[in-house]
Amino acid sequence: MATSKRKYRAVSSYSALSKLLKKFFYAGQHGALDFETTALRPAEGRVRLVSICSDKVSWLVDFDKCGGFRKCAKLFKHGRWVVFNSGFEMRWFIAAGAPKTRCIDLANARRAVMGGGNYSLKQIALWDLGIEMNKEEQASNWGAKKLTRSQLDYAYDDADTTWKLWLHWTKDHTPGQHDAMVMLDNLVPAIIEMEEQGILIDVKHHQTLVDGWEETQTKLITILRTLVSDGEVRNINSDTQWGDYFAVIMPDNWLSAWPRTEKAGRLSCTSAHLRRLAGNATGTPLETLFDALADYKTVTKYISSFGRTIINTAQLAVDGRVRPRVNIAAARTGRFSTSGPNVQQIPRNKDILGEPTSVRKSFIASRGCRLVSLDYSGIELRVLALLSGDKQLLEDMINGDVHLEVAQEMVGRPLDKKTKEGKEARQKAKGVSFGIIYGSGARGLASTMRTSVGRAERYIDFWEGRYPDAFGYRHKVMAEAERTRFITTVDGGTIYMGKNPDLPKCANYPVQRAALSVMARSIARHKRTLDRLGEASQPQARWDRVFMLATIHDALIDEAPTKLAKNCLHMMEEDMTYGYLAVFPGAPTDRLVEGGVGQHWGALS
DNA sequence: AGTCTTCGCGCG
DNA sequence: AAAGCGCGCGAAGACT
C-alpha cells in the first residue's frame, strides 16, 4: 500500500549509520542486505541505497546522504550479510575497498537443502513463502535526487523478504547443509574474477572459420536444392517441414522404424539419424540427400551458435574479450552453468565435414600470456568408486583400465589397447560405463550404443559382476530418496528428489555432485592461492597478473604471464589435488589430473 | 508484436 | 510403470 506506515527507519547520516552498525552488527550478527545501484557494474555507477533487515532492525540507508558508499563500505566489516545473489553486492564491496566483507548467499542457503537451480528472488519468494513481489521499481532511476516513496518501499521489501527466506531455509539446516552452503559461498570470489576477466577472442581467426563454414553451407544448399525444390520443402532449416516431406516420399517400412519427436510425434530429423539413413541408402540419390542434410545441419549449428555471436560479443567489449556469466550451482546437482555465451559448450577440436576444425583455437591468451588448464581424468568413475567403496573399480581406475576390461568382455577375448582394434573397442566400451553412471537400463544402453538389448544386458551384467558395490550404490540412494524425498550428497548438502524419485537420477546425482564438490574445493583453494601470491608479487614474478578464467565442469582454466605459466600449472595441480583430498581424504591421487599450457584453448599440453 | 514451447545439439 | 544425467542457446512454430 502506498499509504501504509513506513516499516523501516531511514538512516541519513554517516555517524548514524556508523553508530547503528556498531550497535547491532559488531560480532558476526546476521542481517539481510540489498543494494540499489545506478548501474550494474561498479565502474559505471554507484550504490544509492542499502536496505538492511534482521530480527532487530529495519533500515533504509541513503548513501547520497551518508557521504557515499565508498566511505561507508568499511563499516559493514563486522556483520554477516545475507544477500540474494551475493556476487553482485560483493563486487561493490570489493570496488569500495572492503573485499573482506562477509556475505552469505541466500540462494546457496536454499540450494544446500533443495539442490541447485537458477531462480529469481521473486520466484522463490512465491514458491517458498507465497509472497508476491512487485519488481516494477527494479530498473527505475536510482540516481534521482529525490527517490519516490514507491522506490523506497520497494528497496526495503527486498531485504525484508530476503531475511524471511533466510530464516525459512536455515532454521532447520543440518550441519551438513550448512557446510554445503559455505562450500558454494566460497566460490563467489573466484566467479567474480572469472566474470571480470573473460576470455580473449582471436576475431581474425574466428572470422576465417566462419567464412569457411558459410562457404560450405552455400554449397550444401545447392546440393539440397537440386534434390528437393522449395515447393516441397519451403524452409530448409525447418525439421518440421523435412519431416512432413519424408512422411510423403518414404516407403512405409522406412517410416515405421523412423524415430519420432517426443511431444508432437513428428518424424525426428537428428543428424545422427540422417547419417544412419544415408548408410541404409548407399548408392541412391537418397544417400546424397540424407548426408547433405546432416552436413547442412551440423554446419548451420556451428554458424548460428558459435559463429557470428562469438564475434559480436567480443567486438561489443572494448578489449575484444567475451565475458560469460558463471552461475554457481545452476544445475540441480550443483554444477556450474555459464551463459552469454555458454563457454561450456564450445566445440572440441574435431573434423567437421572432413575438415579439421578448432573453434577453441579462437579462444586465446592475452599478449605475453599463456592459458593454463588442467582437468580431472575420469573424475565421475573415480568418485563413484570412492562413494560406493568399490575396491575393484578403484583398483581398475588407479592401476588398471576400466574401459579396457569392459572392452575385452564385449569382444570376448584379451585386447591390446595399442592396436587400432583395441583402441576402437575401448572407445566403445566407455559408453557402457557412462551408461552406468547415468543410470541407464539395457534398453537405453542398447539404443545409445546401437546394439541389441540382449548384448546391452550382457554388458551391464558384466559391469555389475565386476563392480558390485559401485553398481549397487544406486539402490541405497534410491532407498533414501523413497524414504525421505531427499538424497544426501558427499558434501553434506541435500537434493530434493520429488514425490516419485527415479533410478537414473538417483544413480547420477550423487556422482555428478561429488565431482562438483571436488571442483568447488579446488576453485576456492586456487583462488586463495592466487590471491596470496598476488599480494606478495614481485616485479619479476607478477602473480597479480594471473587470473582464473573459467571452469568447464572437470577442467579449470587460468591465464598467466608466460614466465609464470609452468609454475601456475604446478600450483593448479596442487590445488586440484587438495580439492579432491578435501572431499575424499586419503584417496589415491595417481593420474588425477592432466592438461598443460598453451597459446590458445585448442592446444594445451 | 511479443512470449512460450518444442526440438535439436554443442559441451561435460 | 519405466527410466541414460546435467546444462544454454538458436530456430521454428504456436499461442496470446
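Parameters at a glance
- Residues numbered from 1 in each chain as written.
- Chains lettered and ligands numbered in written order.
- Predicted model: local features only at pLDDT ≥ 70, side-chain atom pairs only at ≥ 80, totals over all residues.
- Heavy atoms only, no water.
- Helix = DSSP H or I, 4+ residues; strand = E, 2+ residues; numbered from the N terminus.
- Rg over C-alpha atoms; globule rule 2.2 N^0.38 Å.
- Buried < 20%, exposed > 50% of the residue type's maximum accessible area, 1.4 Å probe, protein only.
- Contact = heavy atoms within 4.5 Å.
- Areas by Shrake-Rupley, 256 points an atom, 1.4 Å probe, with all protein chains shown as cover.
- Polar contact = N/O pair within 3.5 Å; in protein donor to acceptor, adjacent residues only side chain to side chain.
- Salt bridge = Lys/Arg side-chain N within 4 Å of Asp/Glu carboxyl O.
- Near = heavy atom within 4 Å.
- Nonpolar A, V, L, I, M, F, W, Y, C, P; charged D, E, K, R; others polar.
- Pairing = 2+ DSSP bridges.
- Axes fitted to C-alpha atoms, helices over the stretch in contact; angles between N-to-C directions.

Draft legend 1. Expanded view of the overall build of chain A. What chain A contains, in helices and strands, is 23 helices and 19 strands. A compact globule built from 605 residues should have a C-alpha radius of gyration of about 25 Å, and chain A, at 28 Å, falls within 12% of that. With the principal axes as the frame, chain A shows a C-alpha extent of 85 × 60 × 60 Å. Residues counted as buried form 52% of the 605 residues belonging to chain A. A sequence separation of at least 24 residues applies to 65% of the contacts in chain A between residues at least 6 apart. Per element, the accessible surface of chain A, about 28,900 Å² overall, is 51% carbon and sulfur.

Draft legend 2. Quick look at helix H16 (residues 391-398). Those residues of H16 not exposed but buried are Leu393, Leu394, Asp396, Met397 and Ile398. Contacts from the buried residues of H16 go to helix H15 (379-388), helix H17 (402-411), helix H20 (453-466) and helix H21 (468-484). Taking the backbone nitrogen of Gln392 as reference, a side-chain oxygen 3.2 Å away marks Asp390 as the first, capping residue of H16.

Draft legend 3. Spotlight on the pattern of salt bridges. Taken as a whole and assessed by the stated rule, the structure comprises 27 salt bridges. Two residues, Arg48 and Asp64, come together in a salt bridge whose shortest N-O distance is 3.0 Å. You can see Arg48 sitting in strand E3 (residues 47-53) and its partner Asp64 sitting in the loop between strand E4 (58-62) and helix H2 (69-72), a full 16 residues away along the chain. Given a relative accessible area of 38%, Asp64 falls into the partly exposed group. One salt bridge in this structure joins Arg525 and Asp575, with 3.2 Å as the shortest N-O distance. Linking Arg525 in helix H22 (residues 503-535) with Asp575 in helix H23 (residues 562-583), this pair joins segments that are 50 residues apart in sequence. For Arg525, a relative accessible area of 26% gives the class partly exposed. Through salt bridges that share partners, Arg46, Arg48, Asp62 and Asp64 make up one connected network.

Draft legend 4. Geometry of the protein's contact with DNA strand B. Close to DNA strand B lie 28 residues, the nearest being Lys263, Ala264, Arg335, Gln345 and Asp554. Close to the protein, within 4 Å, the atoms of DNA strand B belong to sugar or phosphate groups at a rate of 80%. Here a sugar or linking oxygen of DNA strand B and a side-chain polar atom of Asp554 are 2.6 Å apart. Residues that form the surface near DNA strand B fall into these classes: 8 nonpolar, 9 polar and 11 charged.

Draft legend 5. Broad picture of the sheet that holds strand E18 (residues 555-561). Ordered in space as E17-E18-E14-E19, the 4 strands form an open sheet in which the pairing is antiparallel. Each edge of the sheet is formed by a strand with only one pairing partner; in this case those strands are strand E17 (547-551) and strand E19 (593-598). Taking each pair of neighbouring strands and ignoring which way they run, the sheet shows an average axis angle of 20°. In terms of strand pairing, strand E14 (residues 369-376) meets E19 through 6 bridges, oriented antiparallel. Paired with Leu374 across the two strands is Gly595, which belongs to E19. Those strands touched by helix H8 (residues 188-197) are E17 and E18, and its axis lies near 95° from that of E17.

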